[in-house]
Amino acid sequence: MHTFLLVLHIAAGTVGLAAALTALTARKRRGPHTVAGRVFGATVVAVAVTTYALLPFAPAMWWLGIIATATLAAGAAGVYLAWRRPVCGWYRAHLVLMMSTVIAYATPVAVQFSDGAVLAWVLPTLVGSPLVVYRSMVAAGTVRPRHRALMPWRRSPERRPVAGA
């Protein structure tokens, strides 16, 4: 049972991370972004449920249940905001919540590939948090987008020749 749950947990996390990267790089409209977002939301639930199911096999890792709950809450709130759009500025809150959930998904990958190094627990947050702030400032209109790789769907305005020059 432990092996089955662990394989399901890893598979859901892998699919979720791929869906998150797809949603992050797709145009923010109906289509690939929303499909990938729905897949990501489903995997957030699957990863949280399998985390809870795996905890009895490793009681010393109880704190992972807290992280799973926080990730599930952030993902659910982000999906709710995208679905209902209840408040002005919902997009920025949605963006912060969903990108924070992606950071929570990237952290265990970094930890597993580094054999549990302390830096791996912190690095995804150190790299991801400035990106979250930057994207939310772009969404708020306080900063112009500067890097095409972060938002490939945006096109730079073409420079038109000045008349008489």
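Here goes a summary of the coordinates provided. (Residues numbered from 1 in each chain as written. Predicted model: local features only at pLDDT ≥ 70, side-chain atom pairs only at ≥ 80, totals over all residues. Heavy atoms only, no water.)

### Re the overall build of the protein
What counts is decided by this rule: Runs of H or I in DSSP of at least four residues are treated as helices and runs of E of at least two as strands, each being numbered from the N terminus. Each residue is placed in one exposure class: buried if its accessible area under a 1.4 Å probe, protein chains only, is under 20% of its type's maximum, exposed if it is over 50%, and partly exposed if it falls in between.
Looking only at helices and strands, the protein has five helices and zero strands in total. Counting from the amino terminus, helix and strand elements in the protein follow one another as α-α-α-α-α. Across the 165 residues of the protein, 30% fall into the buried class.

### Quick look at a nonpolar patch on the surface
Here is the rule we go by: To count toward a patch, a residue needs a relative accessible area above 30% and no salt bridge. Like charges then connect within 9 Å, nonpolar side chains (Val, Leu, Ile, Met, Phe, Trp, Tyr) within 5 Å. Method for areas: the Shrake-Rupley scheme with a 1.4 Å probe, in which residue coverage is limited to the protein chains shown. Basic side-chain nitrogens of Lys or Arg form a salt bridge, by our definition, when they fall within 4 Å of a carboxyl oxygen of Asp or Glu.
A contiguous nonpolar patch, built from M61, W62, W63, I66, I67, L119, W121, V122, L123, L126, V127 and L131 and spanning about 1100 Å² of accessible area, is present on the exposed surface. Sorting the residues of the nonpolar patch by element identifies α3 (63–84) and α5 (118–140) as the ones contributing at least two each. Ranked by residues supplied to the nonpolar patch, first place goes to α5 with seven residues. What makes I66 exposed here is its relative accessible area of 52%.

### Observations regarding the side chain of T107
What counts here: For this analysis, residues touch if any pair of their heavy atoms sits within 4.5 Å.
Structurally, T107 can be placed in helix α4 (residues 90–113). With sequence-adjacent residues up to four places away left out, T107 is seen in contact with A120, W121 and P124.

### Quick look at the layout of surface pockets
Worth spelling out the cut-off: A cavity here means a set of 1 Å grid points, computed over protein atoms only, where a 1.4 Å probe fits but cannot escape. A pocket is an open set with protein on both sides within 12 Å along at least 5 of 7 lines, and lining residues have an atom within 4 Å of a point. Grid points are joined across faces, edges and corners, and a volume is the space filled by probe spheres set on the points. Basically, the charged four are Asp, Glu, Lys and Arg, the nonpolar ten are Ala, Val, Leu, Ile, Met, Phe, Trp, Tyr, Cys and Pro, and anything else, Gly included, counts as polar.
Volume-wise, the largest pocket comes out at about 1400 Å³. Taken together, 45 residues form the lining of the largest pocket, with A23, H33, G37, H94 and M98 sitting closest to its centre. For the lining of the largest pocket, the secondary-structure elements that each account for two or more residues are α1 (2–25), α2 (32–54), α3, α4 and α5. At 10 residues, the largest contribution of residues to the lining of the largest pocket is made by α4. Here the residues of the lining of the largest pocket sort into 30 nonpolar, eight polar and seven charged. Space inside the second largest pocket adds up to approximately 1000 Å³. Taken together, the elements giving at least two residues each to the lining of the second largest pocket come down to α1, α2, α3 and α4. Of the residues forming the lining of the second largest pocket, the biggest block, eight residues, is contributed by α4.

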